[in-house]
Amino acid sequence: MLDYFEAIVVGAFQGITELFPVSSLGHSVLIPAVVGGQWAKDLDVSAPESPYLAFIVGLHVATAAALLLFFRRDWARIIGGFVSSIRHRRVQTSAERLAWLIVLATIPVGVSGLLLEHLFRTTLGKPIPAAAFLIANGVVLYGGELLRRRANATAVPADAPGAAADADAAADDRLSRMSLGRGTLIGAAQVLALLPGISRSGGTMVAGLLRGLSREDAARFSFLLATPVILAAGVLKIPDLFGPLGTGIHGQVLAGSVASFVSAYLAVRFLTRYFHSRTLTPFAIYCVLAGAGALAVLTLR
């Protein structure tokens, strides 16, 4: 059984690690394993019919709700652009272009998730592989920073012609200038997050940096891309919480969801400011140290 303390701790970590480039699924696997004891028994994400997995994915709805609230103006423009594009059969405005960028960029992870999620989770969703993938995630983050510096990649300037006066609208306008191919390639990086220990936001940010986005714009595009994927994953698992897998944990799900919502909102608020001027390097170092530490604990125990 999942108790309330476990639910709140896991919920808080879910909200933070889903948005920080450090892998929420990796932490969901490693934290119970490192703590050990009853936590390792209660919180096993690799079990074929796992109440813990249903709980974890259910928390995604709260995380997505926090992203929708934070980027509510952006999503109002994006949804409006999608509706106008369908109605007028065109892709002309920045809102219309960004809407289709997000739609096309989420297709690869949507298809891959439906086909491969169960296989990857049950075969690789164990502590040792998760720790190894977390180390690999740190290497990818640091490698992305090094390659970006060598390439001297830069974003479209905020004061470029046609940029909107509002800072958020200006950022969306810059993102909308990407080609559909580039946006889809960046979105496809989310597929790597099916591997426990590989970060969804980290993968898309690195892909964005390598395709010429600034860290700030890469982070924004990553969060916008993640919102429909996280929400869809949560909605697909919600019925499980009202079946046998959710028996006796509805209160825990609510407590964990509140913790996840609050921590995710604070995380995205922090990260959108952080990436104005700072790098992925601290997260890369953390992933390598945390993964190596978890490996040491698990192998020596």
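Above: the structure in question.
None of the values given here were measured: they were computed from a predicted structure.

Definitions and limits used
- Residues numbered from 1 in each chain as written.
- Predicted model: local features only at pLDDT ≥ 70, side-chain atom pairs only at ≥ 80, totals over all residues.
- Heavy atoms only, no water.
- 1 Å grid on protein atoms, 1.4 Å probe; cavity = no way out; pocket = protein on both sides within 12 Å on 5 of 7 lines; lining within 4 Å.
- Points joined across faces, edges and corners; volume = space filled by probe spheres on them.
- Helix = DSSP H or I, 4+ residues; strand = E, 2+ residues; numbered from the N terminus.
- Nonpolar A, V, L, I, M, F, W, Y, C, P; charged D, E, K, R; others polar.
- Salt bridge = Lys/Arg side-chain N within 4 Å of Asp/Glu carboxyl O.
- Buried < 20%, exposed > 50% of the residue type's maximum accessible area, 1.4 Å probe, protein only.
- Expected span 1.5 Å × (residues − 1).
- Polar contact = N/O pair within 3.5 Å; in protein donor to acceptor, adjacent residues only side chain to side chain.
- Phe/Tyr/Trp six-rings, centres within 6.5 Å; stacked < 30°, edge-to-face > 60°.
- Core = buried A, V, L, I, M, F, W, Y, C linked by side-chain atoms within 4.5 Å.

Undergrad: Can you help me understand the layout of surface pockets in this one?
TA: Approximately 780 Å³ is the volume attributed to the largest pocket. Contributing to the lining of the largest pocket are 32 residues, with E117, L194, R200, V229 and A233 lying nearest its centre. Where the lining of the largest pocket is concerned, the elements lending two or more residues are α1 (4–19), α2 (24–35), α4 (51–70), α6 (94–124) and α11 (215–241). Ranked by the residues each element gives to the lining of the largest pocket, the list is headed by α6, at nine residues. Residues that form the lining of the largest pocket fall into these classes: 18 nonpolar, nine polar and five charged.

Undergrad: Explanation requested: the pattern of salt bridges in the structure shown.
TA: Two side chains with opposite charge may pair up if their charged atoms get near one another. Taken as a whole and assessed by the stated rule, the structure comprises ten salt bridges. The closest approach of N and O atoms between D74 and R77, which form a salt bridge, is 3.3 Å. Highlighted residues: D74 and R77, both in helix α5 (residues 72–88), separated by three residues, approximately one helical turn. Residue R77 is classed as partly exposed on the basis of its relative accessible area, which comes to 28%. Residues D168 and R220 are paired through a salt bridge, measuring 2.8 Å at the closest nitrogen-oxygen approach. In this pair, D168 sits in helix α8 (residues 167–176) while R220 sits in helix α11, placing the two residues 52 residues apart along the sequence. Salt bridges here are not isolated pairs; linked through shared partners, they connect D74, R77, D168, D172 and R220.

Undergrad: Before we go on, may I ask you to explain α2 in this structure?
TA: Because the α-helix completes a turn every 3.6 residues, residues three or four places apart line up on one side. The end-to-end C-alpha distance of α2, which contains twelve residues, comes to 17 Å, matching closely the 16 Å that a straight helix rising 1.5 Å per residue would cover. Every buried residue of α2 is accounted for by S24, G26, H27, S28, V29, L30, P32 and A33. The backbone nitrogen of G26 has a side-chain oxygen 2.9 Å away, supplied by the residue at the start of α2, namely S23. Where α2 ends, the next residue or the one after it, G36, has phi of about 75°, a positive value.

Undergrad: Got a minute to help me understand the packing of aromatic side chains in this structure?
TA: Geometry of an aromatic ring pair is reported as the spacing of the ring centres plus the angle between the planes. For the structure shown, the criterion picks out eleven aromatic pairs. Plain terms: the ring middles of F71 and F223 are 6.3 Å apart, the flat faces sit at 35° to each other, and that makes the pair tilted. Separated by 152 residues along the polypeptide, F71 in the loop between α4 and α5 and F223 in helix α11 bring together distant segments of the chain. Arranged with centres 5.6 Å apart and planes meeting at 35°, the rings of F270 and Y274 form a pair that is tilted. Here F270 pairs with Y274, and both are found in helix α12 (residues 250–274), just four residues apart, close to one helical turn. According to the relative accessible area criterion, Y274 is buried, its value standing at 10%. Three or more aromatic residues joined by ring pairs form one cluster here, namely F20, F270, Y274, F275 and F283.

Undergrad: Looking at this structure, how should I read empty space enclosed by the protein?
TA: One pass over the structure, following the stated rule, counts one cavity of 30 Å³ or more. Lining the largest cavity, in full, are V9, V10, F13, Q14, T17, S24, H27, S28, I31, P32 and Y52. Of all elements in the fold, only α1 and α2 reach the threshold of two or more residues within the lining of the largest cavity. Residue classes in the lining of the largest cavity are distributed as six nonpolar, five polar and no charged.

Undergrad: Even after reading the chapter, I still don't get the nonpolar core, so can you show me in this structure?
TA: As a rule of thumb, nonpolar side chains are buried together in soluble globular proteins. One finds L19, I102, F221, F223, F275, L280 and F283 to be the most contacted residues of the largest nonpolar core, which totals 50 residues. For this core, the element with the highest residue contribution is α11, accounting for eight residues. L2, A7, L245 and V253 belong to the second-largest nonpolar core, a separate cluster that totals 14 residues.

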